[in-house]
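Topology and contacts: notes
Residues per chain, in single letters:
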Amino acid sequence: AQSVTQLDSQVPVFEEAPVELRCNYSSSVSVYLFWYVQYPNQGLQLLLKYLSGSTLVKGINGFEAEFNKSQTSFHLRKPSVHISDTAEYFCAVSDQSTSYDKVIFGPGTSLSVIP
Amino acid sequence: AAGVIQSPRHLIKEKRETATLKCYPIPRHDTVYWYQQGPGQDPQFLISFYEKMQSDKGSIPDRFSAQQFSDYHSELNMSSLELGDSALYFCASSLGRIAYEQYFGPGTRLTVT
């Protein structure tokens, strides 16, 4: 069964510093991977997704993620964060076992950008 | 561009009451997904519909039911509400059961008192 682990529940980082939010997944079949962002009191917004092809995926707001099949990871990175990046970030997976018909979310990582 | 619409945005109910949440998918999208996000929790998949038929079922309580109508909008009916049902309920839509291309609505915040 597919599952997602986000090792860091909270990540504080100073403004303009780089950040990496970690995500590991569990699946024995082909996967699609996603990062969603949720700003306070708002809905989920897709940051980026990996379906196939290049393992380095670029998303909105300067974020990127790298798919590493051997390590079953899909870590999210940004070289320089802004105050406006303060939000909850969810890693998610969809795999072939459900015909990609379902998306399973991780527990989320709360990113706090400190001025 | 048109997005997923959910109504109401906020709802306050008492224990044992019923609630109905509505979701209007992006035009031409034929698949609707419902998620429940408790306080400080990740979104949990409840149920999905494709072409007005139930497509998949997750951790949806028996007290909840849902359906998709001929215009593809969907309603989530919740009965005998419990305090633990207080959560943010998201609807998402996609075209052709492609969950990795789903777009989320802003959510309905349900508070049960």
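Residues numbered from 1 in each chain as written. Chains lettered and ligands numbered in written order. Predicted model: local features only at pLDDT ≥ 70, side-chain atom pairs only at ≥ 80, totals over all residues. Heavy atoms only, no water.

**Some remarks on the packing of aromatic side chains**
We apply this condition: Pairing of aromatic rings covers Phe, Tyr and Trp, the last counted by its six-membered ring, and requires centre-to-centre distances within 6.5 Å; plane angles under 30 degrees mean stacked, over 60 mean edge-to-face, and any other angle means tilted. A helix here means a DSSP run of H or I that spans at least four residues, while a strand means a run of E at least two residues long, and both kinds are numbered starting from the N terminus. Partly exposed describes any residue whose relative accessible area lies between the buried limit of under 20% and the exposed limit of over 50%, with all areas from a 1.4 Å probe on protein chains only and scaled to the type maximum.
Counted by the stated rule, this structure contains 13 aromatic pairs over all chains. Aromatic side chains phenylalanine 90 of chain B and phenylalanine 104 of chain B sit 6.2 Å apart centroid to centroid with 90° between the ring planes, which places their arrangement in the edge-to-face category. Highlighted residues: phenylalanine 90 of chain B in strand S9 (residues 87-94) and phenylalanine 104 of chain B in strand S10 (residues 103-104), separated in sequence by 14 residues. You'll find phenylalanine 90 of chain B and phenylalanine 104 of chain B in the same group, each marked buried. Aromatic rings pair up to connect Phe34, Tyr36, Phe90 and Phe105 of chain A together with Tyr35, Phe45, Phe90 and Phe104 of chain B into one cluster.

**Things to note about unusual backbone geometry**
Note that the residue after serine 7 of chain B, namely proline 8 of chain B, is joined by a cis bond; omega there is -10°. Structurally, the position occupied by proline 8 of chain B is in the loop between strand S1 (5-7) and strand S2 (10-13). For threonine 72 of chain A, which is not a glycine, the phi torsion comes out positive at approximately 45°. The phi torsion at glutamate 51 of chain B lies on the positive side, around 50°, for a residue other than glycine. Examined against the element boundaries, glutamate 51 of chain B turns out to sit in the loop between strand S5 (44-50) and strand S6 (53-57).

**Focus: the pairing of strand S7 (residues 64-68) of chain B**
What counts is decided by this rule: The rule for pairing is simple: two strands pair if DSSP sees at least two bridges between them.
Burial along S7 of chain B is one-sided: the face carrying Phe64, Ala66 and Gln68 of chain B is buried and the face carrying Ser65 and Gln67 of chain B is not. The hairpin formed by S7 of chain B and strand S8 (residues 74-78) of chain B contains five residues between the paired strands, and tyrosine 72 of chain B there has a positive phi angle of roughly 75°.

**Considerations on the sheet that holds S7 of chain B**
Residue and element names in this part refer to chain B. The criterion, for reference: Axes here refer to lines fitted to C-alpha atoms; in helices the fit is confined to the stretch in contact. Angles between the N-to-C directions go from 0 to 180 degrees.
Spatial ordering of the open sheet is given by S1-S3-S8-S7, a layout of four strands whose pairing is antiparallel. Only two strands of the sheet have a single partner each, and these edge strands are S1 and S7. Along the sheet, successive strands turn relative to each other by an average axial angle of 15°, direction set aside. As defined by bridge partners, S7 adjoins S8 across five bridges and the pair is classed as antiparallel. Bridge assignment links glutamine 68 to a residue of S8, and that residue is serine 74.

**Here we look at the interface of chain A and chain B**
Often, the extent of an interface is quoted as the loss of accessible area on bringing the components together. The criterion, for reference: Contact between two residues is taken to exist if any of their heavy atoms lie within 4.5 Å; hydrogens are not considered. Accessible area that two parts lose when put together, evaluated with a 1.4 Å probe and summed over both, is termed the buried area. Here a salt bridge means any side-chain nitrogen of Lys or Arg lying within 4 Å of a carboxyl oxygen belonging to Asp or Glu.
Taken together, the contact pairs 18 residues of chain A with 21 residues of chain B. Across the interface of chain A and chain B, roughly 1,600 Å² is buried in total on both sides, 53% from carbon and sulfur atoms. It is Leu44, Asp101 and Phe105 of chain A in chain A that bury the most area against chain B; as a group they hold 34% of the surface buried on that side. Inspection of the region where chain A meets chain B yields one salt bridge.

**Section: the state of the cysteines**
Applicable threshold: Throughout, disulfides are identified as pairs of cysteine sulfur atoms within 2.5 Å of each other.
All chains considered together, the criterion is met by two disulfides over all chains. What pairs with cysteine 23 of chain A in a disulfide is cysteine 91 of chain A, and their sulfur atoms sit 1.9 Å apart. Its S-S torsion of approximately -65° makes the covalent link between cysteine 23 of chain A and cysteine 91 of chain A left-handed. Taken as a pair, cysteine 23 of chain A in the loop between strand S3 (19-21) and strand S4 (24-26) and cysteine 91 of chain A in strand S10 (residues 87-95) lie far apart in primary sequence, 68 residues in all. Here the two residues cysteine 23 of chain A and cysteine 91 of chain A agree in accessibility, since each one is buried. Each sulfur in the disulfide pair cysteine 23 of chain B and cysteine 91 of chain B lies 1.7 Å from the other. Here cysteine 23 of chain B and cysteine 91 of chain B share a disulfide; its torsion about the S-S bond, -55°, makes the bridge left-handed. Of this pair, cysteine 23 of chain B sits in strand S3 (residues 19-24) while cysteine 91 of chain B is found in strand S9, placing the two residues 68 residues apart along the sequence.

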